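Here are the chains, one letter per residue:
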Amino acid sequence: MPGTEVPRGLPRELPTEPPSTRPRPAGPPRTTPSRPDGVGPVVDCAVYVDGRREPPVEPHEALRVAVDKGGFVWLGLYAPTEEELGEIAGHYRLHPLAVEDAVYAHQRPKLERYDDVLFMVLTTARYVEHDQLTATSEVVDTGEVMVFVGPHYVITVRHGEHGGLADLRRGLESQPDLLCLGPASVLYAVADSVVDAFVGVATAVEEDVEELEASVFSPERTDDIGRLYQLKRELLSLRRAVSPLEVPLEKLAERQFDVVPAAMRSYFRDVEDHAIRVRDQVGALDELLTSILQASLARTQMADNEDMRKISAWAGIVAVPTAIAGIYGMNFEHMPELRWRYGYPLVLLVIIGTCLLLYRGFKRNGWL
C-alpha cells in the first residue's frame, strides 16, 4: 500500500548505533547548553496523519508508525546532550555535522541540505522588560531553534529559556489543512513564529530609542552616552539574528527541495518579506541610534565648552581684586594713597566697578 512505502534514503531496518560526531582536534572541551535537573530532552512527540494528531506513541516507535500510516512525526527536544541527541540521530539517520551544530548551539541562522534532509538554524529573540534603561540593562535575550526536516519527520531542538513551541504546536493542530502539507509546514510555522517575535522585539526597542532621543534633546542636562551605547550593543544582537535569516528563507521560497512541497513556497516567501521588513527596521533603528549618540556627544562637548567659558569668566573677574589686593599688600613705605583718608574706599570702589564692568561684558557675550 502507498502508506507503507519507506521514503527514499530511509532504510527499512533502522540502525540502533548513533552516528559519531565530526572528529575534532585536541583542545578545550566545548560546553553545551544545560536544562533544569529532572527535565528530559523530549518535550513532546506526536504522529500526524492527514493533518490530525494520532494517539500517543513512544518516541522510539513514532517514526515507524509515521511511515506505516503515511504521515510524519514531530519530535520536540529541549537542550539535549550529545549522547541524547546521538541516540536519536542514529534512529533518524541525521548527519553528524548537523547533530554537532544542534548540540553545541551558538550557530548563525542558516539552511543546510544533507541528502533529502534539511537542517535549519534560527535565532530566537525576546524583549527583556525593564523599569528604566541603564548602561547595563539587558534588552534583547536570544536563544536558538534548530529544525531537522525529513520525508517523514521533523525534529525541533530548542536552546534558551524562551522560544517554547507548545503554543505553536497547539496552533498548528487547529489547522489540519496546513499540517496536511507535511513536515515543511512545521518548519514554516517555526520560522513565522520566530520572525513575528522579531517584529515585537523591534517595536519594543523602538520605544526605548524614542525615550533616549527625548532625553538627549531635553532642556535638562543628562548623561545618556552609556545607555545609548548599551542599547546599540543589544540592538546588534537582534541584527545578528535577523539579517542572516534572509538567505535561508529565500532558498526555501525559490529553490526546489524534496521535503518542501511547491505549495509551501509561497508561505516561506511571505515569511521572507516579514524578515526583510524587520531587517530594514532594525537597520533604521541602528542608524538612528548612531545619530542620537553623535548628537549626545556634541551636546556634551558644547556643555563642557560652556562650563569652561563660565570658569574663565569668573576667573577674570576674580583676578581684578586679587591683582589690586596683591599690589597694595606689598610692604613698601612709599606707595601712593597709603596715608590718604579716602584711599581704602576708593580702592574698593575701583574693584567693585571693574568687576561689574567685566561681569556685564561676559554676560552680554553669553559667557555667564
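First, a word on scope: everything that follows refers to the structure included in this document. Here the structure is a predicted model, which means the values were calculated and not measured.

The rules behind these values
- Residues numbered from 1 in each chain as written.
- Predicted model: local features only at pLDDT ≥ 70, side-chain atom pairs only at ≥ 80, totals over all residues.
- Heavy atoms only, no water.
- Helix = DSSP H or I, 4+ residues; strand = E, 2+ residues; numbered from the N terminus.
- Buried < 20%, exposed > 50% of the residue type's maximum accessible area, 1.4 Å probe, protein only.
- Contact = heavy atoms within 4.5 Å.
- Areas by Shrake-Rupley, 256 points an atom, 1.4 Å probe, with all protein chains shown as cover.
- Salt bridge = Lys/Arg side-chain N within 4 Å of Asp/Glu carboxyl O.
- Core = buried A, V, L, I, M, F, W, Y, C linked by side-chain atoms within 4.5 Å.
- Patch = residues over 30% accessible without salt bridge, like charges linked within 9 Å, V, L, I, M, F, W, Y side chains within 5 Å.
- Phe/Tyr/Trp six-rings, centres within 6.5 Å; stacked < 30°, edge-to-face > 60°.
- Pairing = 2+ DSSP bridges.
- Axes fitted to C-alpha atoms, helices over the stretch in contact; angles between N-to-C directions.
- Parallel < 35°, antiparallel > 145°, perpendicular 65-115°, else oblique.
- Left-handed = near helix turned anticlockwise from the far one by under 90°.
- Nonpolar A, V, L, I, M, F, W, Y, C, P; charged D, E, K, R; others polar.

**Points about the overall build of the protein**
A tally of regular secondary structure across the protein gives ten helices and seven strands. Put simply, the protein has 368 residues, and 43% of those count as buried. Looking at the protein alone, contacts between residues at least 24 apart form 70% of all its contacts between residues at least 6 apart. In the structure as shown, the protein presents an accessible area of about 20500 Å², 53% of it carried by carbon and sulfur atoms.

**Describing the pattern of salt bridges**
For the coordinates displayed, the defined rule picks out 16 salt bridges. Ionic pairing is found between Asp68 and Arg64, a salt bridge with its closest N-O pair at 3.3 Å. Here Arg64 and Asp68 lie together in helix 1 (residues 59-69), a separation of four residues that amounts to about one turn. Accessibility expressed as a relative area gives 37% for Asp68, which makes it partly exposed.

**Details of the environment of Leu288**
For Leu288, the position within the fold is in helix 9 (residues 262-328). The partly exposed category is assigned to Leu288, whose relative accessible area is 32%. Placed 56 residues apart in sequence, Leu288 and Lys232 show a C-alpha to C-alpha distance of 9.9 Å. Apart from residues lying up to four places away in sequence, Leu288 is in contact with Val209 and Glu213.

**A few points about the nonpolar core**
Burial of nonpolar side chains together is a common tendency in soluble globular proteins. Counting 62 residues, the largest nonpolar core has Phe198, Val205, Leu238, Leu252, Val260 and Phe268 as its most contacted members. With 17 residues, helix 6 (residues 183-216) is the single largest residue contributor to this core. Beyond its immediate stretch of four places on either side in the chain, Leu238 contacts Ala125, Val140, Phe198, Val201, Ala202 and Val282. Of all hydrophobic cores here, the second largest spans 32 residues; its members include Val49, Tyr92, Val103 and Ile155.

**Some details on a nonpolar patch on the surface**
Taken together, Trp340, Tyr342, Leu346 and Val350 make up a surface patch of nonpolar side chains, about 390 Å² in accessible area. We classify Leu346 as partly exposed; its relative accessible area is 41%.

**A short note on the packing of aromatic side chains**
For the structure on display, the rule yields seven aromatic pairs. The interplanar angle of 45 degrees and the centroid separation of 6.4 Å between the aromatic rings of Tyr48 and Trp74 together place this pair among those described as tilted. On the criterion of sequence distance, the pair formed by Tyr48 in strand 1 (residues 42-49) and Trp74 in strand 3 (residues 72-78) is long-range, its members being 26 residues apart. Of the residues examined, Tyr48 reaches a relative accessible area of 1% and is grouped as buried. You can call Trp74 buried: its relative accessible area is 1%. A centroid spacing of 5.0 Å and a plane angle of 65 degrees characterise the contact between Tyr92 and Tyr153, whose relative ring orientation is edge-to-face.

**Some words on the pairing of strand 6 (residues 140-150)**
In terms of burial, strand 6 is largely enclosed, as ten of its eleven residues are buried. Pairing of strand 5 (residues 117-127) with strand 6, which is carried by ten bridges, proceeds in the antiparallel orientation. Paired with Thr123 across the two strands is Glu144, which belongs to strand 6. Alignment of strand 6 against strand 7 (residues 153-159), held across seven bridges, turns out to be antiparallel. When the sheet's bridge partners are listed, Gly150 is paired in strand 7 with Tyr153. From the end of strand 6 to the start of strand 7, which pair antiparallel, there are two residues.

**Thoughts on the sheet that holds strand 3**
The strands that make up a sheet pair up through hydrogen bonds in the backbone, lying either parallel or antiparallel. Strand order in this open sheet of seven strands is 2-1-3-7-6-5-4, and the pairing throughout is mixed. In the strand order of this sheet, the two ends are held by strand 2 (52-53) and strand 4 (110-114), each with one partner. Examined bridge by bridge, strand 1 and strand 2 share two bridges and lie antiparallel to one another. The residue bridging Val49 from the neighbouring strand is Arg52, located in strand 2.

**Thoughts on the packing of helix 9 against helix 10 (residues 343-364)**
Close contact between helix 9 and helix 10 brings their axes to 9 Å; oriented N to C, the two are set at 165 degrees. As far as their axial angle goes, helix 10 and helix 9 are roughly antiparallel. By crossing handedness, the relation of helix 9 to helix 10 is classed as right-handed. On helix 10, the residues touching Ala313, Trp314, Gly316, Ile317, Val320, Pro321, Ile324 and Tyr328 of helix 9 are Val347, Val350, Ile351, Thr354, Cys355, Leu358, Tyr359 and Phe362. Of the residues in the contact of helix 9 with helix 10, the class split is 14 nonpolar, two polar and no charged.

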